[in-house]
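Notes for the structure review
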Amino acid sequence: MAELKLSETRDLTRVERIGAHSHIRGLGLDSVLEPRAVSEGMVGQIKARKAAGVILQMIRERKIAGRAILIAGQPGTGKTAIAMGIAKSLGLETPFTMIAGSEIFSLEMSKTEALTQAFRKAIGVRIKEETEVLEGEVVSISIDRPASSGGAVNKTGKITMKTTDMESDHGLGPKLIEALDKEKVQSGDVIVFDRACGKITKLGRSFTRSRDFDVMGSKTKFVQCPEGELQKWKEVVHTVTLHEIDVINSRTQGFQALFTGDTGEIRAETRDQIDSKVAEWREEGKAEIVPGVLFIDEVHMLDIECFSFLNRALENDMSPILVVATNRGMTRIRGTNQVSPHGIPIDLLDRLLIITTQPYTEDEIKNILEIRCQEEEVEMKEEAKQLLTLIGCDTSLRYAIHLINAAALACLKRKGKVVEIEDIERVYRLFLDTKRSMQYLVEHQNQYMFSVPVNTEEATGGEAAENEFMEV
Ligand SMILES: Nc1ncnc2c1ncn2[C@@H]1O[C@H](COP(=O)(O)OP(=O)(O)OP(=O)(O)O)[C@@H](O)[C@H]1O
């Protein structure tokens, strides 16, 4: 039994989901924002990445609040990948929110409420606070464990801390003992202890203990024992989003909704109060606004009301940077009978800086497939990669990416270790790409229920003719 359990745990920890863009670690630009041919998981698409780099710099310098960018191009040309690259390059301090146009309609709230929430998730508020902390080297920790069966709940103790100038004792309650345990604090560590929230941060080990061989690993960081008073006032900075402040202050939902995501509609008065409070903090120098990025994929799925909302929302001085993407050409604007480029009304389009993505060359497809093989930990023979590249050129990059894992499973089934041509051929026969699936439908349409003639205005709702990018 014990053995079985062990192997089960091992298997479970190995199962990690790999997202479609998990290999993207940035935009792959050098220090002067020039794209490297292959870097940070990004391949080719040089012009679009260069343009995205300029946008990135403007976001970092906070020069373009309220601006919007459109990434347009054929399916599978890396529009979402570029948006992910921007997100990764921005770091954790700048909020980045990603939604698909269609999500606006599936949430249990009005379209404008869903958009408002998405906008406010992408606006950060950096709040500065003065807080009282104890900063010093731990001399000793002693914990009394009562003999009665109270367990951890009743634990109390004492911690002695020192600076180069003084030493003092402080009582410990169960929560602090747990926090010290979690951080694995021991004598000789230099720590900061935030009294208000009970948070303990380990800064490193005191230089005076550098001879303790028992606790030293190659990663041990040594720091000086702090000087002066143990008790200090420190400035701490928290970055939260406007949406988080809304949810915490919305009486009907409360902060727990942050974890469930079930926020419901938030009242306009609550938001107004929060906006004036934040404005007050900004005037007093206690807070500053960090405009983040809101990325809306498949923007053609929004309708005319949403577009008019976006037009207005971009005028707000706290607005985030809006990045939208679409693979549509001339398309009907949802909710109207009008056809417009990318299905976006001209007045909104006029506000957008447009970045276009181009189809990939054979070499670029091969490079992307190689990166994906590494990401998915699949070993593949050179000839098999070559065949997969040809399939990618003939069908789509996305289809070829999907075949990597399927081929690895086919290889495993025949007890092979490296994916060979035969595995690729096998999965190519098993799974249809769009072209073959379409061809099959045309040939067998009479055997399907409610079949309508393919490739007529009727069958495509008139959209096929309008979409120069969509290859149906
Ligand atoms: N330049 C690139 N470098 C590395 N990987 C890329 C690149 N372009 C695309 N990919 C990868 O190829 C796959 C398809 O690309 P992506 O989803 O970004 O295309 P898209 O243009 O957003 O497509 P669609 O219009 O269908 O939404 C993803 O796994 C993506 O990470």
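Residues numbered from 1 in each chain as written. Predicted model: local features only at pLDDT ≥ 70, side-chain atom pairs only at ≥ 80, totals over all residues. Heavy atoms only, no water.

**A look at the packing of aromatic side chains**
For clarity, the threshold we go by: Each aromatic pair joins two rings of Phe, Tyr and Trp (for Trp, the six-membered one) with centres within 6.5 Å, and gets the label stacked for planes under 30 degrees apart, edge-to-face for over 60, and tilted for any other angle. Each helix corresponds to a stretch of at least 4 residues labelled H or I by DSSP, and each strand to a stretch of at least 2 residues labelled E; elements are numbered beginning at the N terminus. For the exposure calls, accessible area comes from a 1.4 Å probe over protein chains only, and a residue counts as buried if that area is under 20% of its type's maximum, exposed if over 50%, partly exposed in between. Comment: the charge-over-ring label is applied if NZ (Lys) or CZ (Arg) is within 6 Å of the ring centre and within 35 degrees of the ring normal.
For the structure shown, the criterion picks out three aromatic pairs. The interplanar angle of 75° and the centroid separation of 6.0 Å between the aromatic rings of Phe 119 and Phe 309 together place this pair among those described as edge-to-face. Of this pair, Phe 119 sits in helix H5 (residues 111-121) while Phe 309 sits in helix H10 (residues 304-313), and the two are 190 residues apart along the sequence. Under the relative-accessibility criterion, Phe 119 is labelled buried at 5%. Measuring from centroid to centroid gives 6.0 Å for Phe 207 and Phe 222, while their planes differ by 25°, and the two rings are stacked. In this pair, Phe 207 sits in the loop between strand S9 (199-206) and strand S10 (222-223) while Phe 222 sits in strand S10, placing the two residues 15 residues apart along the sequence. Classification of Phe 222 by relative accessible area gives partly exposed; the value is 22%. One Lys or Arg, Arg 436, reaches over the ring of Tyr 428 and ends 3.7 Å from the middle of that ring.

**A closer look at the site of the ligand**
Cut-off, in case you're wondering: To be near a molecule or strand, a residue needs just one of its heavy atoms within 4 Å of it. N or O atoms closer than or at 3.5 Å make up a polar contact, with two conditions inside protein: a donor-capable atom paired with an acceptor-capable one, and, for residues adjacent in sequence, both atoms drawn from side chains. A 1.4 Å probe and the Shrake-Rupley method give the accessible areas. Residues count as covered only by the protein chains that appear here. Nonpolar residues are Ala, Val, Leu, Ile, Met, Phe, Trp, Tyr, Cys and Pro. Charged residues are Asp, Glu, Lys and Arg, and all others, Gly as well, are polar.
Taken together, 21 residues form the shell around the ligand, and within it Val 43, Lys 79, Thr 80, Tyr 360 and Arg 398 come nearest. A distance of 2.9 Å separates a nitrogen atom of the ligand from a polar side-chain atom of His 23. The contact in question runs from an oxygen atom of the ligand to an N or O atom on the side chain of Asn 327, over 3.0 Å. Taking 630 Å² as the accessible area of the ligand by itself, protein coverage stands at 94%. For the shell around the ligand, a count of residues per class yields ten nonpolar, nine polar and two charged.

**With respect to the environment of Pro 174**
Mapping Pro 174 onto the fold places it in helix H6 (residues 174-182). Assessed through its relative accessible area of 35%, Pro 174 is described here as partly exposed. Sequence spacing of Pro 174 and Thr 156 is 18 residues, and the spatial spacing of their C-alpha atoms is 5.9 Å.

**Re the nonpolar core**
Spelled out, the test is: Definition used in this section: a nonpolar core is a set of buried Ala, Val, Leu, Ile, Met, Phe, Trp, Tyr and Cys residues joined via side-chain atoms within 4.5 Å. Contacts: residue pairs with any heavy atoms within 4.5 Å of one another.
With 28 residues, the main nonpolar core has Leu 294, Ile 296, Leu 302, Phe 307, Leu 310, Leu 322 and Ile 344 as its most contacted residues. Elements with a contribution of two residues or more to this core: strand S3 (68-72), H5, strand S13 (293-297), H10, strand S14 (321-326) and helix H11 (346-349). Contacts of Ile 296, omitting those with residues within four sequence positions, involve Ile 99, Gly 101, Leu 115, Leu 302, Leu 310, Leu 322, Val 323, Val 324 and Ala 325. Core analysis: the next-biggest nonpolar cluster, separate from the first, contains 25 residues, Leu 369, Cys 373, Leu 397 and Ala 410 among them.

**Thoughts on the confidence of the model for the chain**
Convention followed: Think of pLDDT as the predictor's per-residue confidence, scored from 0 to 100.
Taken residue by residue, the chain gives an average pLDDT of 83. The fraction at 70 or more is 83%. Residue range residues 1-16 is modelled with pLDDT below 50. Its contacts to residues more than four positions away, or to other chains, number zero contacts. When the criterion is pLDDT under 50, residues 456-472 qualifies, and its contacts beyond four places in sequence or with other chains add up to 30 contacts. As a predicted assembly, this complex carries a pTM of 0.73 together with an ipTM value of 0.97.

**Concerning the pattern of salt bridges**
A side chain of one charge can pair with a side chain of the opposite charge when the charged atoms of the two come close. The line we're drawing: Take a side-chain nitrogen of Lys or Arg and a carboxyl oxygen of Asp or Glu: if they are within 4 Å of each other, that pair is a salt bridge.
Considering all chains together, one arrives at 26 salt bridges under this definition. The salt bridge involving Lys 111 is made with Glu 305; its shortest N-O contact spans 3.0 Å. Taken as a pair, Lys 111 in helix H5 and Glu 305 in helix H10 lie far apart in primary sequence, 194 residues in all. Residues Glu 422 and Arg 414 are paired through a salt bridge, measuring 3.7 Å at the closest nitrogen-oxygen approach.

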